[in-house]
Amino acid sequence: MQLSLLTIFSTSLVLAAAFAFIGAVIINFASVYLQKERSHRHKLRVLTAAHEKTLLESRMEIQENTRQHISREIHDNIGLSLSLTKLYLNSISWNELNEAKSQVHDAINTLTRSIADLRSVAWTLNADVITSQGLLAAVTEELNRIERLGIFTIEHLVIGESFHFPSQQDLIIFRVIQESLNNIIRHSCASRVILKMEYTTDSLVIRIKDDGVGFKANDNSKRTSAGLANMRERMKLIGAEIKITSAPGYGTTIQLKIPSKNGTQYPSYQSSPGG
């Protein structure tokens, strides 16, 4: 009887020790797992904060570039048209009725063009319009606006079934395209520009090619390197690729490749600044 009780007591101690050991292992495993989980969440928060900071800096840079773009448009285009309107009105000779009518007619036409240009600039710079109408409509309107300036001819090619990207992504893509076109206007001396948008099942590929003066691929001047770095940084933010090819006398080609994993299909439509 005493042996049996001793055996039972010993077995109980062994089982208790075993359960205690298993419990300690489980607790230790849980503790390690929780530490790793906390570490992972901390790293995720750090990465998220860094990404948000970069995205915020990009937005601020886009806003600054937009302000500069507005300033140039007002000074170079709309300001000139309004000055011409003022000149027409100031030079009216009321002694010659037919000539006065012609001058008033020219002033009205110039003012009408200024209003249209102002509406067009406002339309393409309005982020809400871009995100609601879509990238393709915004690009089409921007090309129409630039073509009206008569600086160079533009060929716009669209291949495949167009689709939306998330609104912030659409906006960043459009601003990069807009910056590329503005650089062509300001620096390329081009006579012809081709913008091709190719929609595939897995990506959108955009090629912007001009026949301008081009530049050295290893040009490290502040203006060139900063501008290209900004475009690359914006594409990196949305997981897209950018390739820039240029040489003096051979023009420039900018290629953007944006994965379409977040894209959604939408029907084709016609749009205009007033539509």
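Up top is the structure these notes are about.
This write-up is about the structure you can find in this document. Values in this document were obtained by computation on a predicted structure and should not be read as measured data.

Conventions adopted
Residues numbered from 1 in each chain as written. Predicted model: local features only at pLDDT ≥ 70, side-chain atom pairs only at ≥ 80, totals over all residues. Heavy atoms only, no water. Helix = DSSP H or I, 4+ residues; strand = E, 2+ residues; numbered from the N terminus. Buried < 20%, exposed > 50% of the residue type's maximum accessible area, 1.4 Å probe, protein only. Contact = heavy atoms within 4.5 Å. Salt bridge = Lys/Arg side-chain N within 4 Å of Asp/Glu carboxyl O. Core = buried A, V, L, I, M, F, W, Y, C linked by side-chain atoms within 4.5 Å. Patch = residues over 30% accessible without salt bridge, like charges linked within 9 Å, V, L, I, M, F, W, Y side chains within 5 Å. Areas by Shrake-Rupley, 256 points an atom, 1.4 Å probe, with all protein chains shown as cover. Pairing = 2+ DSSP bridges. Axes fitted to C-alpha atoms, helices over the stretch in contact; angles between N-to-C directions. Lys, Arg positive; Asp, Glu negative; His and termini not counted. Polar contact = N/O pair within 3.5 Å; in protein donor to acceptor, adjacent residues only side chain to side chain. Phe/Tyr/Trp six-rings, centres within 6.5 Å; stacked < 30°, edge-to-face > 60°. Parallel < 35°, antiparallel > 145°, perpendicular 65-115°, else oblique. Left-handed = near helix turned anticlockwise from the far one by under 90°. Nonpolar A, V, L, I, M, F, W, Y, C, P; charged D, E, K, R; others polar.

Across its full length, the protein chain carries six helices and seven strands. Listed N to C, the secondary structure of the protein chain is α-α-α-α-β-β-α-β-β-α-β-β-β in terms of helices and strands. Relative to its 275 residues, the protein chain shows a buried fraction of 32%. Counting only contacts in the protein chain whose residues sit at least 6 apart along the sequence, the fraction spanning at least 24 positions is 70%.

Let us now look at the pattern of salt bridges. Under the definition given, this model contains three salt bridges. One salt bridge in this structure joins Arg234 and Glu179, with 3.2 Å as the shortest N-O distance. In this pair, Arg234 is assigned in helix H6 (residues 222-237) and Glu179 in helix H5 (residues 167-188), connecting sequence segments 55 residues apart. In this structure, Arg234 and Glu179 share a single accessibility class: buried.

This brings us to the nonpolar core. Judged by nonpolar contacts, the single largest core of 37 residues is most densely connected at Ile177 and Ile206. Looking at this core, the elements with two or more residues in it are helix H4 (135-147), H5, strand S3 (192-199), strand S4 (203-210), H6, strand S5 (241-246) and strand S6 (252-259). If we skip the residues at most four places from it in the chain, Ile206 touches Ile173, Ile177, Leu195, Lys196, Met197, Ile254, Gln255, Leu256 and Ile258.

The next point concerns a nonpolar patch on the surface. Together, Leu82, Leu111 and Ile115 give the surface a local cluster of nonpolar side chains, amounting to about 250 Å² of exposed area. Inspection of the secondary structure puts Leu82 in helix H1 (residues 2-90).

Quick look at the sheet that holds S6 now. Spatial ordering of the open sheet is given by S1-S3-S4-S6-S5, a layout of five strands whose pairing is mixed. In the strand order of this sheet, the two ends are held by strand S1 (153-159) and S5, each with one partner. Ignoring which end each strand starts from, the neighbouring axes of this sheet average 10 degrees apart. Summarising the sheet, S5 and S6 pair through six bridges and their orientation is antiparallel. The residue of S6 that forms the bridge with Lys243 is Gln255. Relative to S1, H4 is tilted by about 165 degrees, and along the sheet it contacts S1, S3 and S4.

A word on the environment of Val176. Looking at where Val176 falls in the secondary structure, it is placed in helix H5. Residue Val176 is classed as buried on the basis of its relative accessible area, which comes to 0%. Along the sequence, Val176 and Arg232 sit 56 residues apart, while their C-alpha atoms lie 9.1 Å from each other.

As for its placement among the helices and strands, Asp210 is situated in strand S4. One buried charged residue, Asp210, remains without a salt bridge, the closest side chain of opposite sign being Lys209 at 7.6 Å. At 2.8 Å, the side chain of Asp210 and the backbone nitrogen of Gly212 are in polar contact. Apart from residues lying up to four places away in sequence, Asp210 is in contact with Ile184, Ser188, Ala190, Arg192, Val193, Gly251 and Thr252.

Unlike most non-glycine residues, Cys189 shows phi in positive territory, near 55 degrees. Note on placement: Cys189 falls in the loop between H5 and S3.

Here we take up the packing of aromatic side chains. Per the stated rule, a full pass over the model turns up two aromatic pairs. Residues Phe163 and Phe165 carry aromatic rings whose centres are separated by 5.3 Å and whose planes lie at 70 degrees to one another, so their mutual orientation is edge-to-face. The residues Phe163 and Phe165 share a single accessibility class, namely buried. Aromatic side chains Phe163 and Tyr199 sit 5.0 Å apart centroid to centroid with 80 degrees between the ring planes, which places their arrangement in the edge-to-face category. On the criterion of sequence distance, the pair formed by Phe163 in strand S2 (residues 163-164) and Tyr199 in strand S3 is long-range, its members being 36 residues apart. One exposure class covers both Phe163 and Tyr199, and it is buried. Chaining the aromatic ring pairs together yields one cluster made of Phe163, Phe165 and Tyr199.

The description of two helices packed together rests on the angle between their axes and the distance between the axes. Relative orientation of the contacting elements H4 and H5 amounts to 15 degrees, with a least axis distance of 10 Å. Judged by the angle between their axes, H4 and H5 are roughly parallel. Between H4 and H5 lies a crossing whose hand is right-handed. When H4 is examined against H5, the residues Leu135, Ala138, Val139, Glu142, Leu143 and Ile146 are found in contact with a partner set consisting of Asp170, Ile173, Phe174, Ile177, Gln178, Leu181 and Ile185. Of the residues in the contact of H4 with H5, the class split is ten nonpolar, one polar and two charged.

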